[in-house]
Amino acid sequence: MYISKKQSWHIEPPWGLLNDPNGLIWYKGNYHVFFQWNRFAKDHSNKAWGWCVSSDFVHWQFRGSALLPDQPYDAQGVYSGSAMEINGRLCLYYTGNVKQNGCRTSSQCLAISEDGLHFQKQGPLITTPSGYTEHVRDPKVMAAPNGGYWMVLGAQQRNGFGAVLLYTSKDGFQWTPYGTVGLSQEYQMIECPDLFVLGEKKVLLYCPQYRDNATDSALNSFSAYKVLDDQPDAMPQQTDLDIDWQRLDEGFDFYAPQTFLTPDGRRVLLGWMSRMEGEEETAFAEKEPRVHCLTMPRELLLQGNRLCQRPVKELRQLSGTLVPANKTQVNESFYHLTTRAFRFTLENLDFCEHLCLTLHDGEWRFEYDVSSHQAQVCRRRWIDSGEDLRSIFLPELTGLELWCDQSSVELFLNNGEFVFSARICPTAAHPSLRAVGISGEISAQLMLLPENLYQYLPKEEETP
């Protein structure tokens with residue numbers, strides 16, 4: 001029996017392939033979330049900007065494409081970028097990609113909207129600086145603390161190693177190179193940088209990438225962050241990107257995160273929920289019109305130098321149907337579910353000796369062992385009969401939130417101190433959750449979430 005992988009409450013396109021989140025912003029009464037989108041196929045060609053909006057972080061409407069690769073300077077792809085409101089106008093900054101006869105050219109481009117509905121391209125603002133290859137991309141623009149704007153760019157130096165570049169602007173249109181925010185001597189490329197102030201500290205997000213420079217191909221990459229030492233209102237100082245970084249997400253599927261500010265001042269993050277290899281991606285997309293989704297929106301907080309992620313309050317406040325536990329034996333509970341969309345929480349875990357949560361007859365599993373202080377997540381692979389495993393050292397487990405959708409799991413430990421994100425392949429005919437190790441002192445709650453919070457409203461001319 002085939003079970004659809006279509007999500008109930010995560011952002012995903014009605015067809016084609018989604019990857020990096022782009023242009024996250026609150027503008028004219030709506031949250032706008034753009035993303036890399038191939039509307040023609042489930043592969044990584046023909047990149048445009050897909051688009052959806054929400055007034056509340058809960059109910060989303062898909063609006064088709066905002067930017068298409070239809071100009072000489074972006075003909076082979078409208079690549080990742082960001083958004084900024086300047087003088088009441090919505091400004092979208094992106095990388096225009098041109099690749100002809102095996103030769104790549106990139107430039108940082110601008111499109112403007114007066115109403116949040118229609119976009120007019122302005123052309124390239126920045127061309128590749130000397131000393132760098134054409135792997136310069138992913139402009140992330142922020143308001144500078146003392147006025148004007150900063151832009152950080154992922155880059156590759158001519159020596160074959162990665163960097164993060166910084167540009168400055170008084171008006172958001174004329175940009176001046178400032179220097180480097182970070183340099184690497186290990187990674188061949190740095191992608192998707194994001195720089196922001198959180199509390200009294202600057203935080204730099206970035207994606208270190210190993211590349212084969214001889215063949216110009218990506219090998220492996222992940223999402224990292226550093227809390228910087230310089231003052232929040234000072235110009236960023238250069239940092240070593242190879243040391244003192246921490247992973248943003250410990251799971252299987254998380255990449256290219258981007259953040260923005262909400263009207264009430266929260267710093268919110270969304271990421272691409274996939275790090276699938278080619279064979280995995282092809283198998284996951286089989287029988288589906290679409291592939292990949294974004295993570296749930298997450299609020300960011302700093303605890304010391306630890307960046308914590310928590311589901312946005314709008315999702316936490318969702319009402320749903322509580323599901324009682326069936327006690328199968330001492331310290332073991334079984335939940336029969338009518339949907340795969342649910343939230344499960346555990347509190348008061350000081351008395352837990354060994355905890356094991358199993359989803360849907362083994363599609364996904366979490367275990368925590370108090371004696372070894374090991375937390376691990378296992379996922380059943382869909383291309384063979386094996387399992388994937390991720391683990392961390394966790395001195396203590398004090399709380400847990402498990403957010404599930406039709407084909408995804410997001411696990412938050414210790415109020416978001418650690419997060420594990422994963423796509424799962426649904427195979428169990430009857431969804432369920434088995435919890436072993438829940439004593440009487442532990443507070444457990446499972447609530448089914450509303451379904452179909454995401455509406456597809458594509459433009460008629462874009463119907464495949």
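Our structure's up above, just so we're on the same page.
This report concerns the structure included in the present document. (Residues numbered from 1 in each chain as written. Predicted model: local features only at pLDDT ≥ 70, side-chain atom pairs only at ≥ 80, totals over all residues. Heavy atoms only, no water.)

**Considering the packing of aromatic side chains**
Step number 1: What the rule picks out here adds up to 20 aromatic pairs.
Step number 2: The interplanar angle of 25° and the centroid separation of 6.5 Å between the aromatic rings of F35 and F62 together place this pair among those described as stacked. Pair noted here: F35 is in strand 2 (residues 30-38) and F62 is in strand 4 (residues 60-67), with a separation of 27 residues, a long-range link. Like F62, F35 is buried.
Step number 3: Taken together, a centroid distance of 5.3 Å and an interplanar angle of 80° make the contact between W51 and F119 edge-to-face. One end of the pair, W51, is in strand 3 (residues 48-54); the other, F119, is in the loop between strand 7 (103-113) and strand 8 (120-127), and 68 residues separate them in sequence. When sorted by exposure, W51 lands in the same class as F119, which is buried.
Step number 4: Aromatic rings pair up to connect W26, Y31, F57, W60 and F260 into one cluster.
Step number 5: Over the face of the ring belonging to W51 we find R63, whose NZ or CZ atom lies 5.4 Å from the ring centre.
Step number 6: Above the ring of F222, the side-chain terminus of R247 is found at 4.5 Å from the ring centroid. (Phe/Tyr/Trp six-rings, centres within 6.5 Å; stacked < 30°, edge-to-face > 60°. Helix = DSSP H or I, 4+ residues; strand = E, 2+ residues; numbered from the N terminus. Buried < 20%, exposed > 50% of the residue type's maximum accessible area, 1.4 Å probe, protein only. Lys NZ or Arg CZ within 6 Å of the ring centre and 35° of its normal.)

**A closer look at helix 1 (residues 278-285)**
Step number 1: Three or more residues of helix 1 are buried, namely E280, E281, F284 and A285. Taken end-on, helix 1 shows its buried residues confined to a sector of 120°, consistent with a single buried face. Exposed and oriented more than 90 degrees from the buried face of helix 1 are E279 and T282.
Step number 2: Tucked into the core, helix 1 has its buried residues touching strand 1 (16-27), strand 21 (290-291), strand 30 (374-380), strand 31 (387-393) and strand 34 (418-423).
Step number 3: K287, located one to two residues past helix 1, shows a positive phi value of around 70°. (Arc of directions from axis to C-beta. Contact = heavy atoms within 4.5 Å.)

**Quick word on the pattern of salt bridges**
Step number 1: On inspection of all chains with the given rule, the structure shows 25 salt bridges.
Step number 2: E299 serves as the salt-bridge partner of R266, at 2.7 Å between the closest nitrogen and oxygen. Of this pair, R266 sits in the loop between strand 19 (255-261) and strand 20 (267-272) while E299 sits in strand 22 (residues 298-303), placing them 33 residues apart in sequence.
Step number 3: Classification of R266 as buried rests on a relative accessible area of 12%.
Step number 4: Residues participating in the shared-partner salt-bridge network are D253, R379, R381, D384 and D388. (Salt bridge = Lys/Arg side-chain N within 4 Å of Asp/Glu carboxyl O.)

**Let's talk about the pairing of strand 33 (residues 408-413)**
Step number 1: Among the six residues that make up strand 33, six are buried, leaving the element largely enclosed by the rest of the structure.
Step number 2: By the alternation rule, side chains of strand 33 split into S408, E410 and F412 and V409, L411 and L413, which are all buried.
Step number 3: As defined by bridge partners, strand 32 (residues 399-405) adjoins strand 33 across six bridges and the pair is classed as antiparallel. Bridge assignment links C404 to a residue of strand 33, and that residue is V409.
Step number 4: Hairpin connection of strand 32 to strand 33: two residues between the antiparallel strands.
Step number 5: Pairing of strand 33 with strand 34 involves six bridges; the strand directions are antiparallel. Residue pairing for strand 34: E410 is matched across the bridge by S421. (Pairing = 2+ DSSP bridges.)

**Comments concerning the side chain of S421**
Step number 1: Structurally, S421 is set in strand 34.
Step number 2: A distance of 2.6 Å separates the side chain of S421 from the side chain of R298, its partner in a polar contact.
Step number 3: Those residues within four positions of S421 in sequence are excluded, and the remaining contacts are D249, G251, F252, D253, F254, M273, R298, V409 and E410. (Polar contact = N/O pair within 3.5 Å; in protein donor to acceptor, adjacent residues only side chain to side chain.)

**Observations concerning the sheet that holds strand 23 (residues 306-311)**
Step number 1: Taken together, four strands build an open sheet; the order of strands is 19-20-22-23 and the sheet is antiparallel. Two strands lie at the open edges of the sheet, namely strand 19 and strand 23, each paired on one side alone. Across this sheet, the average inter-strand angle for adjacent strands is 40°, counted without regard to direction.
Step number 2: Pairing analysis gives two bridges linking strand 20 to strand 22, with the strands arranged antiparallel. Bridge pairing links V268 to E299 in strand 22. (Axes fitted to C-alpha atoms, helices over the stretch in contact; angles between N-to-C directions.)

**Some details on the sheet that holds strand 33**
Step number 1: As summarised here, the arrangement of the six strands in space is 24-36-27-32-33-34, forming an open sheet in which the pairing is antiparallel. In the strand order of this sheet, the two ends are held by strand 24 (321-322) and strand 34, each with one partner.
Step number 2: For strand 27 (residues 342-347) and strand 32, the ladder comprises six bridges, and the chain directions are antiparallel. Residue pairing for strand 32: E347 is matched across the bridge by G399.

**Points about the environment of G399**
Step number 1: Among the structural elements, G399 can be located in strand 32.
Step number 2: Sequence-wise, G399 and N414 are 15 residues apart; in three dimensions their C-alpha atoms are separated by 4.8 Å.
Step number 3: If sequence neighbours within four positions are ignored, G399 has contacts with L346, L349, F412, L413 and N414.

The quantities given are spatial measurements derived from coordinates; they are silent on function.
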